Amino acid sequence: MTGLHACPFCREMFEAKEASTCPACGLRLEALAKLPPSYDALQEDPDEPLPPHMEPLPWTYAGRGRGALLALALLGLAAFFAPWIHETAPELRDLSGFGLARRLGWMWAPAVAFFVMIPLALTRRSIHKMRGARVAVAFLAAVALVTVAMRLLFSPASTLLRPVRFTWGYGLYATGALALLALLTAAFFGGRIDDLPTGQRRRGDEVLH
């Protein structure tokens, strides 16, 4: 079979040295091994259907943690622009996560993590891909959570010459809470695969009975 050539249209087969073009169609012969299966071959031996957990779901599908992660990521971005610090000395001002990030480069981490989480969750349109993204989503959530923890643990130092007085704002706590929820949701992203019926189209939320 490896030495046979065939017409791409009618699939008439010839020996390698027998002809270079098809006598009936006039097309150049190609190596049989390089041609895709013919229509008749596909009808006799159709491709295996996709298993249920690999079938693409609608873009609007929100089950199995997909919608929850998207919502948490959007809320996390909003919390980044909420007040994180209420400072009364040496200046009287409120700073958001964005304001802190402009002064400390590592404070951009929560915003970047939540921003990347949005396309990461949005483009996972099958249960198989959702489950495969669990580690990546959990890592992003952990980055945001660790950043908030470091900000709380390492507070600005106060001295006699430069007193520092402040209170933490709700934006910082909200970011930490959202990151923790995203971390927990990531552990179950995509759900189980043993609760799906087989051999039929599905929405993704069916359960075997």
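Attention in this report is confined to the structure presented alongside it. (Residues numbered from 1 in each chain as written. Predicted model: local features only at pLDDT ≥ 70, side-chain atom pairs only at ≥ 80, totals over all residues. Heavy atoms only, no water.)

The geometry of two aromatic rings is summed up by the distance between their centres and the angle between their planes. For the coordinates displayed, the defined rule picks out five aromatic pairs. Taken together, the aromatic side chains of Phe 80, Phe 81, Trp 84, Phe 98 and Trp 108 make up a single cluster linked through ring pairs. (Phe/Tyr/Trp six-rings, centres within 6.5 Å; stacked < 30°, edge-to-face > 60°.)

Another point: the side chain of Ser 126. Note that Ser 126 resides in the loop between α4 (109–122) and α5 (127–132). Residue Ser 126 is classed as buried on the basis of its relative accessible area, which comes to 5%. Within the local environment of Ser 126, its side chain forms a polar contact with the backbone nitrogen of Lys 129, the two atoms lying 3.2 Å apart. When neighbours within four sequence positions are excluded, Ser 126 is seen to be in contact with His 53, Met 54, Glu 55 and Leu 57. (Helix = DSSP H or I, 4+ residues; strand = E, 2+ residues; numbered from the N terminus. Buried < 20%, exposed > 50% of the residue type's maximum accessible area, 1.4 Å probe, protein only. Polar contact = N/O pair within 3.5 Å; in protein donor to acceptor, adjacent residues only side chain to side chain. Contact = heavy atoms within 4.5 Å.)

Okay, the sheet that holds strand β5 (residues 93–96) next. Two modes of strand pairing occur in sheets, parallel and antiparallel, and in both the strands are linked by backbone hydrogen bonds. The three strands lie next to each other as β5-β4-β6, forming an open sheet whose pairing is antiparallel. At either margin of the open sheet sits one strand with a lone partner, and together these are β5 and β6 (165–168). Between one strand and the next, the sheet's axes are offset by a mean angle of 25 degrees, whatever the strand orientation. By the bridge criterion, four bridges tie strand β4 (residues 83–89) to β6 in an arrangement that is antiparallel. Paired with Ala 89 across the bridge in β6 is Arg 165. (Pairing = 2+ DSSP bridges. Axes fitted to C-alpha atoms, helices over the stretch in contact; angles between N-to-C directions.)

What follows concerns the environment of Ala 144. Relative to the assigned elements, Ala 144 resides in helix α6 (residues 134–153). When its relative accessible area of 0% is taken as the criterion, Ala 144 is described as buried. Counting along the chain gives 36 residues from Ala 144 to Trp 108, while the straight-line C-alpha distance between them is 9.2 Å. Not counting residues within four places of it along the chain, the set of residues in contact with Ala 144 comprises Pro 110, Ala 113, Phe 114 and Ala 179.

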